[in-house]
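# Secondary and tertiary structure notes
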Amino acid sequence: MPTALTLSGSIRTGSYNRLLQAHIGRKLEEAGVNVTALNLADFDMPIFNEDLEPDNVPEAAVRLAELWRSHDIIFIASPEYNGGASPLIINTLAWVSRQRPSPFQHAIFGIGGVSSGKYGTIWGLSHLRESLTKVGALVVPTLLGIGPASEAFDEAGAPSEPAIIRKVDSMVRELTHFSRG
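Residues numbered from 1 in each chain as written. Predicted model: local features only at pLDDT ≥ 70, side-chain atom pairs only at ≥ 80, totals over all residues. Heavy atoms only, no water.

## Some words on the overall build of the protein
Each helix and strand in the protein was counted, giving five helices and seven strands. Reading the protein from its N terminus to its C terminus gives the helix and strand order β-α-β-α-β-β-β-α-β-α-β-α. Taking 181 residues into account, the globule formula puts the C-alpha radius of gyration at 16 Å, and the protein, at 15 Å, falls close to it. Along the longest, intermediate and shortest principal axes, the C-alpha atoms of the protein span 50 × 35 × 25 Å. Burial analysis of the protein (181 residues in total) assigns 46% to the buried set. In the structure as shown, the protein presents an accessible area of about 8,800 Å², 52% of it carried by carbon and sulfur atoms. (Helix = DSSP H or I, 4+ residues; strand = E, 2+ residues; numbered from the N terminus. Rg over C-alpha atoms; globule rule 2.2 N^0.38 Å. Buried < 20%, exposed > 50% of the residue type's maximum accessible area, 1.4 Å probe, protein only. Areas by Shrake-Rupley, 256 points an atom, 1.4 Å probe, with all protein chains shown as cover.)

## With respect to the pattern of salt bridges
Counted by the stated rule, this structure contains six salt bridges. Here Arg-98 makes a salt bridge to Glu-53, at a shortest N to O gap of 2.7 Å. One end of the pair, Arg-98, is in the loop between α3 (87-97) and β6 (108-114); the other, Glu-53, is in the loop between β2 (34-37) and α2 (59-69), and 45 residues separate them in sequence. Residue Arg-98 is classed as partly exposed on the basis of its relative accessible area, which comes to 36%. The exposure class of Glu-53 is partly exposed, given its relative accessible area of 22%. (Salt bridge = Lys/Arg side-chain N within 4 Å of Asp/Glu carboxyl O.)

Dropping the structure here:
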């Protein structure tokens, strides 16, 4: 059975990106994937600083890298800040990217995000895609930008707009059918 990790670049209570993380996790489970939902609040890491290497690498970065190496799919839900990915995701990627062997060479990655604006994190997701690609990740084509957040989900935590529902289905199909060969 394929395995997936889901995570969110927002750890705040009531985060729409955590709603998206949970929804994608449910859809992957429906597609026959064993899903582990991560909460990045459980992986405490200081702001990335090369001066901490090699003697003070956070144990959380080592654990995350091992989790990434051992799963087939990784879905990241990230809010957008100033046109970029969330600081939490950027810091996480910085620490994880320093671990060897590379934690980006096995899994297929999917990215999505929810924002209050009508562009739905598209700029931030483009930034995130570029960062992931540069460290060797294979990111599926579908960009799952959702906005405005206040209208995006129904009471059950599922997307309410038909176009977004179709994009979620496309992403799940890509995540479960793409292969690194």
